Amino acid sequence: MRYNKTSSHKVAKTVANMLDSVLRTEANSTSCCVIYQPKAPKELERFKRKK
């Protein structure tokens, strides 16, 4: 079964949107580990609700 470029582009776009929503969720939630919480990278700041 061969996929054409438009269907693979749609799949890639959907996966990218899903990963962006996961990043936004994780950027706005607290860590469950109280003892060790590493610093978040600066690139994660653009996904936060409050700046």
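Not measured: the values here are computed from a predicted model. (Residues numbered from 1 in each chain as written. Predicted model: local features only at pLDDT ≥ 70, side-chain atom pairs only at ≥ 80, totals over all residues. Heavy atoms only, no water.)

J.: Any chance you could explain the overall build of the protein chain here in plain terms?
T.: A tally of helices and strands in the protein chain yields one helix and zero strands. Per element, the accessible surface of the protein chain, about 5400 Å² overall, is 59% carbon and sulfur. (Helix = DSSP H or I, 4+ residues; strand = E, 2+ residues; numbered from the N terminus. Areas by Shrake-Rupley, 256 points an atom, 1.4 Å probe, with all protein chains shown as cover.)

J.: Sorry, what's going on with a nonpolar patch on the surface here?
T.: A cluster of nonpolar residues, V11, V15 and L19, forms a patch on the protein surface that exposes about 270 Å² of accessible area. Tracing the chain through its elements places V15 in helix α1 (residues 5-27). By relative accessible area, which is 41% here, V15 ends up partly exposed. (Patch = residues over 30% accessible without salt bridge, like charges linked within 9 Å, V, L, I, M, F, W, Y side chains within 5 Å. Salt bridge = Lys/Arg side-chain N within 4 Å of Asp/Glu carboxyl O. Buried < 20%, exposed > 50% of the residue type's maximum accessible area, 1.4 Å probe, protein only.)

J.: Is there a simple way to explain the environment of A27 in this structure?
T.: In this fold, A27 is placed in helix α1. For A27, a relative accessible area of 10% corresponds to the buried category. What A27 contacts, discounting residues up to four positions off in sequence, is L44, F47 and K48. (Contact = heavy atoms within 4.5 Å.)

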